[in-house]
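What follows is the residue order along each chain.
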Amino acid sequence: MKVRVRLIGRFTETLGFTEKDLSFRGPVTAAGLARRLCLDKVEHVATREGRPLADGDPLEDGDRVVVAPVFSGG
Amino acid sequence: MKGWTGNILRIDLTKKTYKKEHFTEEFARKWIGGRGFALKILWDELAPGVDPLGPDNKLLVVLGPIAGVPMPNSGKTVVAAKSPLTGTYADGNIGSHITIQLRKAGYDIMIFEGRSAKPEYVLVEDDTVTFHPADDLWGKGTFDTQKVLEDKYGKTAGILSIGQGGENKVLFAVVRSMEGRAGGRPGIGAVMGSKNLKAIVVKGTKEIPMADPKEMKARGVGDLKKVGAMDKTSKWSVQGTNAVLSWCNEMAALPVRNHRHSQSSEAWKLDGQRTSEARVATYGCPHCTMRCGIAILDKEGHESEIDYENVGMLGPNLEIYDMKQMASLNYMCDDFGIDTISTGGTLSWYADAIDQGATKGDFKFGDAERAKELTRMIALREGIGDLLADGSLKAAKKVGHHSEAYAIQCKGLELSAYNCKYVPGQALAFGTSAIGAHHKEAWIITYELKFSERGGYGRDKAQKVVDLQRIRSSIFESLPICRFPWIELGWDLKNYPEYYNIATGANWTLEDFLKTGDRIYALMKAYWCREHPDTDRTADYPPRVYFDPKIADKDGIIAGKHLEMDKYDELLSHYYDIRGWDKRGVPTRKTMVSVGLEKEADQLAKVCVVSDDCVPMGNRGV
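Remember, predicted model here, so these are calculated numbers, not experimental data.

Quick notes on the rules
- Starting from 1, residues in each chain are numbered consecutively following that chain's sequence as written.
- Working convention: letters from A go to chains and numbers from 1 go to ligands, in the order in which they are written.
- Note on the predicted model: pLDDT of at least 70 is required for a residue's local features to be given, and 80 or more for side-chain atom pairs to be given and counted; whole-chain, interface and lining totals, by contrast, use all residues.
- We count a stretch as a helix when DSSP gives it H or I for four or more residues in a row; a strand needs E for two or more, and each element gets its number in order from the N terminus.
- Radius of gyration here uses only the C-alpha atoms, and the compact-globule reference equals 2.2 Å multiplied by the residue count raised to the power 0.38.
- Counts of 20 or more other C-beta atoms within 10 Å of a residue's own C-beta define buried residues, counts of 12 or fewer define exposed ones, and intermediate counts define partly exposed ones; C-beta atoms are placed from the backbone.
- Contact definition: two residues whose C-beta atoms, as placed from backbone geometry, lie within 7 Å.
- Helix axes are fitted only over the stretch in contact, all axes being lines through C-alpha atoms; the angle between N-to-C directions runs from 0 to 180 degrees.
- Note on convention: near helix rotated counterclockwise from far helix by under a right angle means a left-handed crossing. Clockwise means right-handed.
- Under the grouping applied here, Gly and all other residues not named as nonpolar or charged are polar, the nonpolar ones being Ala, Val, Leu, Ile, Met, Phe, Trp, Tyr, Cys and Pro and the charged ones Asp, Glu, Lys and Arg.
- Pairs of strands are assigned from DSSP output, requiring at least two bridges between the strands.

J.: So what's going on with the overall build of chain A? Which residues, and what values?
T.: When you go through chain A residue by residue, the secondary structure sums to two helices and five strands. Going from N to C terminus, chain A has its helices and strands arranged as β-α-β-α-β-β-β. Taking 74 residues into account, the globule formula puts the C-alpha radius of gyration at 11 Å, and chain A, at 11 Å, falls close to it. For chain A, the spread of C-alpha atoms along the three principal axes comes to 40 × 25 × 20 Å. When the 74 residues of chain A are sorted by exposure, 32% land in the buried category. A separation threshold of at least 6 residues defines the contact pool for chain A, and within that pool the share at least 24 residues apart is 55%.

J.: Describe in detail unusual backbone geometry, supporting the description with residues and values.
T.: Non-glycine residue Cys38(A) carries a positive phi angle of around 60°. As for its placement among the helices and strands, Cys38(A) is situated in the loop between α2 (30-36) and β3 (44-48). The class of Cys38(A) is exposed, set by 10 C-beta atoms lying within 10 Å. Unlike most non-glycine residues, His402(B) shows phi in positive territory, near 60°.

J.: Account for the packing of helix α2 (residues 34-45) of chain B against helix α22 (residues 510-531) of chain B, with residues named and values stated.
T.: A pair of packed helices is characterised by two quantities: the angle between their axes and the separation of those axes. Residue and element names in this part refer to chain B. The interhelical angle for the contact between α2 and α22, taken along N-to-C directions, is 35°, at an axis separation of 10 Å. Crossing geometry of α2 relative to α22 is assigned as left-handed. Residues Arg 35, Gly 36, Leu 39 and Trp 43 of α2 lie in contact with α22, whose contacting residues are Thr 516, Ile 520, Leu 523, Met 524 and Tyr 527. Counted by class, the contact of α2 with α22 contains six nonpolar, two polar and one charged residues.

J.: How would you summarise the interface of chain B and chain A if you had to cite specific residues and measurements?
T.: With 27 residues of chain B in contact, the opposing surface of chain A contributes 20 residues. At the level of secondary structure, the elements contributing two or more residues to the side of chain B that touches chain A comprise α8 (236-239), α9 (244-250), α10 (272-277), α11 (308-314), α18 (445-450) and α20 (484-489) of chain B. By residue number, the principal contributor to the side of chain B that touches chain A is α9(B), which donates four residues. A class-by-class count of the residues in the side of chain B that touches chain A yields 13 nonpolar, eight polar and six charged.

J.: Account for the sheet that holds strand β5 (residues 89-95) of chain B, with residues named and values stated.
T.: Residues and elements named next belong to chain B. As summarised here, the arrangement of the six strands in space is β2-β1-β6-β3-β4-β5, forming an open sheet in which the pairing is mixed. Every interior strand has two partners, whereas the edge strands, β2 (17-22) and β5, have only one. Between one strand axis and the next, the sheet turns by 20° as a mean value, whatever way the strands run. Alignment of strand β1 (residues 7-12) against β2, held across six bridges, turns out to be antiparallel. Bridge pairing links Asn 7 to His 22 in β2.

J.: I'd love a proper account of helix α16 (residues 391-399) of chain B, names of residues and values included.
T.: Residue and element names in this part refer to chain B. Gly 391, Ser 392, Leu 393, Lys 394, Ala 395 and Ala 396 are the residues of α16 that are buried. Looking at the packing, one finds that the buried side of α16 touches α13 (340-355), α15 (384-388), β16 (409-410) and β17 (413-414). Of the residues one or two after α16, Gly 400 is the one with positive phi, at around 70°.

J.: Can you tell me about the sheet that holds strand β14 (residues 293-297) of chain B, naming the residues and giving the values?
T.: Residues and elements named next belong to chain B. Ordered in space as β13-β14-β15, the three strands form an open sheet in which the pairing is antiparallel. The open sheet terminates on both sides in strands that have one partner only, identified here as β13 (279-283) and β15 (303-306). Strand-to-strand twist across the sheet, computed as the mean angle between neighbouring axes with direction ignored, equals 35°. The pairing of β13 with β14 spans four bridges and is classified as antiparallel. Paired with Ala 281 across the two strands is Ala 295, which belongs to β14. Set on the sheet, helix α12 (residues 323-336) makes contact with β14 and β15; between it and β15 the angle comes to about 85°.

Okay, structure coming up:
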């Protein structure tokens with residue numbers, strides 16, 4: 001399955017891309033996606049269609065997930 | 001007294017006199033510094049109803065016990081006065097060499113009174129104050145003014161100045177420093193202009209008194225390195241504050257077309273990556289470890305220092321997606337010394353009012369050249385600019401035809417660049433901000449998304465807003481010190497009481513700061529009530545347009561969504577309940593007494609009904 005990932009802010013700098021498809025051989029959760037991005041130990045917010053994803057939420061083929069650092073307001 | 005110098009420099013611009021006064025340690029420990037000092041002094045010294053642009057208003061420049069010493073991002077100064085835009089207490093913090101120089105000159109507070117007969121600037125050199133004609137500076141922008149004064153007094157001299165916006169008393173004129181820094185959104189620059197005070201220059205040579213200077217130095221050097229390393233590792237400064245633009249767009253919280261929309265397919269043209277790629281220089285405040293001032297070239301070739309609020313309000317909010325044109329607008333605001341947020345919010349109101357048929361005019365969303373011309377007219381109060389220079393709410397009241405509905409403001413101050421039509425907690429944060437809609441008081445959008453329910457109105461959101469107002473008012477606005485290491489890099493809050501203790505010899509905990517934050521916020525709201533005795537809970541509402549189903553997004557992730565009035569009212573009641581304010585939003589006597597404001601409660605009661613205690617929630621409806 002493929003999940004489209006949109007990175008925000010400093011994650012685009014540390015991971016070197018803004019938006020791309022990631023392929024997974026089997027089912028994957030939001031936590032699995034974070035591990036794939038090496039963000040599992042970094043505080044972040046992952047959302048799908050504007051709704052936050054919990055670690056255990058399964059992702060589906062074709063999902064677009066926005067992954068952002070935790071902003072606390074300018 | 002350690003930490004504070006204990007000295008006030010009071011300058012009478014009418015009589016050309018000055019004197020050194022002293023404040024007590026009891027006053028210092030009750031109010032900390034910065035906002036706390038300014039608020040208490042203005043409460044005590046200004047009569048209710050004083051004309052904000054008259055000689056009886058006072059301009060304050062205020063520091064605190066760790067200001068100016070090398071600590072992470074400790075270069076902030078608070079400027080404060082009664083606001084001509086909101087009619088209540090107002091302040092802003094600004095990064096400036098004046099933070100260091102004023103402390104070295106031996107003062108924590110400067111109070112400017114009266115009005116000079118002619119344009120002047122004031123020079124403070126330790127114990128000496130001199131008054132200088134500013135005829136050759138009057139009419140100059142802030143960049144030229146800064147340069148002239150730097151050439152004369154040196155690059156590290158502490159300089160605050162105003163541009164033509166302040167001179168012409170634009171109600172959202174700011175105070176400027178170090179070319180890129182600004183403070184005092186609710187018209188502190190206009191107050192300075194009303195006093196014919198073009199600039200303040202300070203040079204000091206004394207030691208800043210510290211309880212434990214060795215520990216202060218060691219801690220400062222160590223923590224500056226640590227925070228600097230955190231920034232480098234995280235790469236926060238690469239995009240700076242404008243990183244949040246694409247997130248706001250993805251989350252449908254971006255102000256687009258005067259907040260009518262919350263997402264734009266063109267927002268990427270102005271996002272953090274693009275502005276970072278266009279960067280030609282980077283600037284920061286004194287003692288800064290994470291310099292956020294990203295300078296890009298504008299259409300005319302000027303260096304224009306941008307951050308998210310500028311980009312959001314002068315870009316998508318006006319539907320201007322040409323980065324160089326947006327940068328031109330930003331540069332003009334900086335040079336004229338007018339607030340970028342309120343300029344963007346007022347121009348978007350004007351375009352909307354024309355679009356809705358409330359008034360006639362030739363300005364349309366997306367017309368960058370006309371926006372630039374209108375910005376110039378605002379600063380100089382020419383033609384229609386004279387109306388717009390009063391801000392969106394006052395302009396709307398004059399124009400009529402229900403155009404007040406499109407003024408995106410709270411208490412008269414335009415909202416920062418966050419569209420809250422479906423972010424109830426942030427709407428509450430803007431609504432209850434005691435100085436008007438400002439993001440520096442509380443920002444909870446991430447909390448709402450990650451830890452709560454976006455469309456929910458639960459008590460947890462009211463509690464979060466209160467918590468942040470307490471922290472920000474007491475620590476960041478009153479020490480004063482930049483909040484970015486904490487909010488952007490996660491620098492632990494417990495560091496700040498430790499800094500305070502090293503400086504002053506106290507033994508404060510975070511809880512002591514939070515209690516002081518409650519005192520400060522109660523008096524800030526009391527100030528509003530004293531100036532607006534008929535106030536009610538509607539003063540704490542967000543822009544009414546957020547409740548209007550007709551302006552809900554037509555598509556995207558929040559299509560059809562909008563705030564609901566009855567639920568917002570319940571959320572506001574939770575906020576009042578937590579604060580101990582009555583259902584009108586007036587602090588009760590019991591609450592004021594509990595935070596050490598007994599005398600102030602008596603004073604407030606002379607002009608405004610003050611309830612003895614709250615009726616518990618559940619027995620009073622909303």
